[in-house]
Every structure is written in C-alpha cells, then in structure tokens.
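Read off the chains here:
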Amino acid sequence: MNNRFYREHKSVFDTIDGFLLKNTVLEKGLVVAPVVVVSSSLKNGVALALAFSVLTFFTVFVTSFIPKNIPHSLRVIIAVLFAGALYIPTAMLIDLWFPGTSYQLGVFLPLMITNSLIVWRSESRFHKETKPRMALDLFFHILGFWAVICVVGAVREVWGNGTLWGNQLAFVENPIMGVLLPFSGFIIVGFLAALLHKYRNYLIPMDKDDILDLSDGTQPFGYQTVPAPAIKPKKTQASLQKGVAADE
Amino acid sequence: MNDFENTVGMFLSNCFTMSLVMLLVENMIFSRALGTSTALVIIRKKNSLLLFGSILTVITVLAGIVTFLLEPVIKEFPNAQYYRPLIYVAAISVVYLLALVVCGYFPERLKSKVKPMIHISAFNCVVLGTLLLVAGEQMTLGSSIGFGLGAGIGFTLATFFISVAYNYLYSVAIPRAFRGFPVLLIYIGLLSLAFYGLVGHQLPY
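Predicted model only: the values in this text are computed from it and were never measured.

## Details of the overall build of chain A
Link 1 in the chain: A count of helical and extended segments in chain A gives 10 helices and 4 strands.
Link 2 in the chain: Taken from the N to the C terminus, the helices and strands of chain A come in the order α-α-α-α-α-α-α-α-β-β-α-β-β-α.
Link 3 in the chain: Across the 248 residues in chain A, those meeting the buried criterion constitute 42%.
Link 4 in the chain: Within chain A, residue pairs in contact and separated by at least 24 positions form 69% of the contacts whose partners lie at least 6 positions apart.

Okay, structure coming up:
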C-alpha cells in the first residue's frame, strides 16, 4: 500500500486502524506484558491470542449494553467480573486445544481478564461507537494483537530455540537462548514498533510545523505522537546570553 | 514473651526478605513486564508517580493479605485453577469499592487527585498478578505482605527509572522511526537486562 492509495481511501483505513496504524501493542502500548514475557513460542502466542480474543470481544460487546446511568466504577466491576466468568470456559478451551500450554503461560492467561482493552479502552473508545462499528473495530484490534504476538512468538522461537511450532528447523544452527528472556521481548517489540512508525511516517508525511514543545513537561508520547515530531530546542541561559550579546 | 518476640521477628524477617526479592530480583516490570502498560500511562503524568505508587502499594499489600486468607479455602475446591481468577477479581472489586469509600472522607483537594488513580491502580496486571503469584506459592502472612509491598514499591521504582527517559524520547539523536514509544521499549529492555545481570544471572547460551 502506498501513501497515495492510503490518502484516497483514508476513511476505510480509519475504520480498520486497530489492525495496523493504531495497533494495540505497537502503537498504544497496551497488553505489552504477555507479548514480552510468554510469547516465547508461536504456540504460546496463538494460545494467548485466542484467550485474548474471546475475553476481549465478548466482554466489551456484552458490557456495551450496560446502561450509562450506572456509575462508572460499577460498570468496570461488572466488566471484569464478566471477563472473570468468561475466563472459565476460555481456559478450558485452551487446555483442550493446547494441552500443557496453560501451565507455560502461568499467570499471564488469567491476567487477560484485566487487559487494558477491557478496563480502559472499552469506555474511552468502543462503547462510544455504534454496535456494528464497535464489533468491526474490536475485530481489527484483536486481529492486530494476533499479528504482533504471532510474529514476536515465531521470531523468538526460531531465534531462541531453533524450532517453529515445535518443529526443528535445519537452518538454525546456534539458537540464542537469551532471546527467550523478557528483555529480548521488550527490544523485539520496540523494533517492531519502530518498523510500524517508519511505515506510518511514509503513509502520513510529517507536518514540518508539528513541533513538540517540551517546556511544560506534559507532552504526549508514544501512543499519540506518530509521526514523531521534532524537538523544539529549549532556550538555555547560555544561549539567551549569547543571543543578547549578538544583538548588542 | 520470648515466643512473641520470635514470632514478630520471623514475621518482619519474612516480610523484609520478600520485599527485597520483589523489589530487585523479581521486579514486576523488569522481570515479568507486569504493569508495563500502566507504567506507560503513569509516566505521562510525572507529578502523580509517587501518589500513584503509594495507592498501588496499599492495594497490592491488601491483595497479598486477601490471598493469604482466601487461598487455603480456594485450593480445596476441584479445578480451582479455572475459577480462582474470578474469585480474586471479585476480591479486588471489593477492595476497589472500599478504597473509593475511604477516599470519600478525604479533603476535597486530595480526593480529586486520588479518585481517578484508584481506578487505574485497582484493575491492572500488577494487582491481579500479585494475587495470582502469591496464590501459586505457599506463603506465610509476613511473606504475603512483603510480596505485596515489594511488588508495589518495585513497580514505582521501575516506573521512576522509565520516567527518567521521558524527556529524551524525541531527541534528534534518535532515528526518527524510533522516537517515542519504540525507543522507550528498547530502553526498558536494556534496564530489564541490567536488572537481570545485577542480581547475578548470566545469559544462557
């Protein structure tokens, strides 16, 4: 997809932006923990993504029917309790389809109950949309999560174990076990996020007037700032004096 | 009296040891990435870091105590692993409501600051993670409290380390594609590696 095609079909891409340009993990920085820690193999990634899909989609969709006159605190409690109840069949399903995987995923499988899309984003984004639009938006957000966790899982499994879905790969002779540790997860996700920024900067060329002012210390980062704005240099005491001297 | 002193000494010793372990060896963010999303949200509000950390620490300590009390009952049930999260989410909800009620008695100025943070600090991976991790170990009351204390303080410390980089995320020295969120993740990864080495681990080959 080139930038001209993107500009011509921007409204369509805005509808499905949860998949790529507003990706849950790479752009919003949400649900990072399971991707960083336990997506050390493709199978783990798929199992986690499946749990995430079921819990997030049904919880956000069903809780959208809760009347808005109920206080926000109670709506959140109902949402997490619903997700907790939904976790029971979901965990059974994971155990049925991926025997032994839930043990490897440890606490990260139940932690999907309080994932950021359910707790934070459902009220701030999804519940403000119409039901069909919300379902489509949720679908693409979930698809974006699938893409990231599967890529990270596959890369780490090949690089760190020399296998893919448990099958030995002949071309990997010296796997690096360190890739399976959390710090590598952070770095790999960081590089993927940079790749996404690069592509986004290509699709949406940076406005040269978009200068980030650091003086008030409240600038946004990460989530809202792609394309990355340039830094407006702070005027230090030395540069001010130099300016005065030059004027004189 | 001697028995009482021994018991108190053992309690404090367990509490302190587990706090240190959670602070340095098993730091919530650098070792388990738990609460990374929450930390990323909080560092955008730099002034509130200490207040948020305090609220979160109180909630994780309460979570540790709740787990200590509930776990002996839960583990007697068959297939407890499936409905344990639901019970703990319900427990967090009760703690959350209690926190909101207590917050109601605060002076207006403090209440307006604390109330929005209670929501973020109650329902996140750090608190539920603390409950589930404590449930996975057979801990004493002192260890459970220490676990919660170390988890909360460790999270706050890690968030502080991350926030140090905040003003440099858009430095012109950073390649454009990496500015902002990508370089922050790489920075957290390097800190995580540093903590991994600091406690004496060696990289596997």
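That shown, we press on.
## Things to note about the overall build of chain B
Link 1 in the chain: Within chain B, the regular secondary structure consists of 8 helices and 0 strands.
Link 2 in the chain: Reading chain B from its N end, one meets helices and strands in the order α-α-α-α-α-α-α-α.
Link 3 in the chain: Across its three principal axes, chain B shows a C-alpha extent of roughly 60 × 55 × 40 Å.
Link 4 in the chain: Residues counted as buried form 50% of the 205 residues belonging to chain B.
Link 5 in the chain: Residue pairs at least 24 apart in sequence account for 80% of intrachain contacts in chain B once pairs closer than 6 positions are excluded.

## Quick notes on the environment of Ala122(B)
Residues and elements named next belong to chain B.
Link 1 in the chain: Mapped onto the elements, alanine 122 comes out in helix H5 (residues 108-122).
Link 2 in the chain: Separated by 29 residues in sequence, alanine 122 and serine 93 place their C-alpha atoms 7.9 Å apart.
Link 3 in the chain: Those residues in contact with alanine 122 that sit more than four places away from it in its chain are Ile59, Ile92, Val95, Tyr96, Ala99 and Val127.

## Details of the nonpolar core
Link 1 in the chain: Counting residues in each nonpolar core, the largest one holds 123 residues, and the members touching the most others are Leu48(A), Val80(A), Val189(A) and Leu128(B).
Link 2 in the chain: Residues in contact with Leu128(B), not counting those within four places in the same chain, are Leu111(A), Ile113(A), Thr114(A), Tyr88(B), Val89(B) and Ile92(B).

## Re the environment of Leu26(A)
Residues and elements named next belong to chain A.
Link 1 in the chain: Tracing the chain through its elements places leucine 26 in the loop between helix H2 (10-15) and helix H3 (32-37).
Link 2 in the chain: Sequence-wise, leucine 26 and alanine 193 are 167 residues apart; in three dimensions their C-alpha atoms are separated by 4.8 Å.
Link 3 in the chain: Among residues more than four places away in sequence, those in contact with leucine 26 are Val148, Leu192, Ala193 and Leu196.

## What to know about the packing of helix H4 (residues 42-63) of chain A against helix H8 (residues 131-161) of chain A
Between two packed helices, what matters for the description is the angle formed by their axes and the separation of those axes.
Residue and element names in this part refer to chain A.
Link 1 in the chain: In contact at an axis separation of 8 Å, H4 and H8 are set at 165° when each is read in the N-to-C sense. The orientation of H4 with respect to H8, classified from their angle, is roughly antiparallel. As for how H4 packs across H8, the hand of that crossing is right-handed. The segment H4 lies against H8, with Leu42, Asn44, Gly45, Val46, Leu48, Ala49, Phe52, Ser53, Thr56, Phe57, Val60 and Phe61 engaging Ala135, Leu138, Ile142, Phe145, Trp146, Ile149, Cys150, Val152, Gly153, Ala154 and Glu157.
Link 2 in the chain: Split by residue class, the contact of H4 with H8 holds 17 nonpolar, 5 polar and 1 charged.

## Examining the confidence of the model for chain A
Link 1 in the chain: Averaged over all residues, the pLDDT of chain A equals 82, while 82% of them reach at least 70.
Link 2 in the chain: Between residues 207-231 of chain A, whose pLDDT stays under 50, and residues either more than four places distant or in other chains, the model counts 54 contacts.

## Quick look at unusual backbone geometry
Residue and element names in this part refer to chain A.
Link 1 in the chain: Located in the positive-phi region is valine 31, a residue other than glycine, with phi close to 50°.
Link 2 in the chain: By the element assignment, valine 31 lies in the loop between H2 and H3.
Link 3 in the chain: Non-glycine residue tryptophan 165 carries a positive phi angle of around 55°.
Link 4 in the chain: Relative to the elements of secondary structure, tryptophan 165 occurs in the loop between strand S1 (163-164) and strand S2 (167-168).
Link 5 in the chain: Accessibility expressed as a C-beta count within 10 Å gives 11 for tryptophan 165, which makes it exposed.

## Side note on the environment of Leu111(A)
Link 1 in the chain: Mapped onto the fold, Leu111(A) is located in the loop between helix H6 (101-105) and helix H7 (116-124).
Link 2 in the chain: In this view, Leu111(A) contacts Cys125(B), Leu128(B) and Gly129(B); residues no more than four positions away in its chain are not counted.

## Points about the packing of helix H5 (residues 72-97) of chain A against helix H4 (residues 80-103) of chain B
Link 1 in the chain: Running from N to C, H5(A) and H4(B) point in directions that differ by 170°, and their axes come no closer than 8 Å. Of the possible angle classes, the one that applies to H5(A) and H4(B) is roughly antiparallel. Where H5(A) approaches H4(B), its residues Ser73(A), Ile77(A), Val80(A), Leu81(A), Gly84(A), Ala85(A), Tyr87(A), Ile88(A), Ala91(A) and Met92(A) are matched on the opposing element by Tyr82(B), Tyr83(B), Pro85(B), Leu86(B), Val89(B), Ala90(B), Ser93(B), Tyr96(B) and Leu100(B).
Link 2 in the chain: Residues that form the contact of H5(A) with H4(B) fall into these classes: 16 nonpolar, 3 polar and no charged.

## Thoughts on the confidence of the model for chain B
As a general rule, the predicted coordinates of low-pLDDT regions are not to be interpreted in detail.
Link 1 in the chain: When pLDDT is averaged across chain B, the result is 88; 98% of the residues are at 70 or more.
Link 2 in the chain: Under the prediction, the complex receives an ipTM of 0.91, its pTM being 0.87.

## Notes on helix H6 (residues 125-136) of chain B
Link 1 in the chain: Taking 1.5 Å per residue, 12 residues should reach 16 Å; H6(B) reaches 16 Å between its end C-alpha atoms and fits that length.
Link 2 in the chain: With respect to burial, H6(B) is a largely interior element, 11 of its 12 residues being buried.
Link 3 in the chain: Within H6(B), burial applies to Cys125(B), Val126(B), Val127(B), Leu128(B), Gly129(B), Thr130(B), Leu131(B), Leu132(B), Leu133(B), Val134(B) and Ala135(B).
Link 4 in the chain: The inward-facing, buried residues of H6(B) abut H3 of chain A together with helix H2 (36-42), helix H3 (49-74), H4, H5 and helix H7 (141-164) of chain B.

Definitions and cut-offs
Position labels on residues start from 1 in each chain and follow its written sequence. Here every chain gets a letter starting at A, and every ligand a number starting at 1, in the order they are written. Totals for whole chains, interfaces and linings use every residue, but because this is a predicted model, local features are given only for residues with pLDDT of at least 70 and side-chain atom pairs only at 80 or more, for both listing and counting. Note on conventions: DSSP H or I runs of at least 4 residues are helices, E runs of at least 2 residues are strands, and numbering of each starts at the N terminus. Put simply, a residue is buried when 20 or more other C-beta atoms lie within 10 Å of its own C-beta and exposed when 12 or fewer do; between those, it is partly exposed, and each C-beta is set from the backbone. The contact criterion used here is simple: two residues whose C-beta atoms, placed from the backbone, lie within 7 Å are in contact. Note on definitions: a nonpolar core is a set of buried residues drawn from Ala, Val, Leu, Ile, Met, Phe, Trp, Tyr and Cys, linked by C-beta atoms within 7 Å. The axes used here are C-alpha line fits, helices contributing only the stretch in contact, and every angle between their N-to-C directions lies in the interval 0 to 180 degrees. These descriptions rest on fixed angle ranges, namely under 35 degrees for roughly parallel, over 145 for roughly antiparallel, 65 to 115 for roughly perpendicular, and the rest for oblique. In this scheme, a crossing is called left-handed if the near helix is turned counterclockwise away from the far one by less than a right angle; it is called right-handed if the turn is clockwise. Here the nonpolar group is Ala, Val, Leu, Ile, Met, Phe, Trp, Tyr, Cys and Pro; Asp, Glu, Lys and Arg are the charged ones; every other residue, Gly included, is treated as polar. pLDDT measures the predictor's confidence residue by residue and takes values from 0 up to 100. A helix's residues, less one, multiplied by 1.5 Å, set its expected span.

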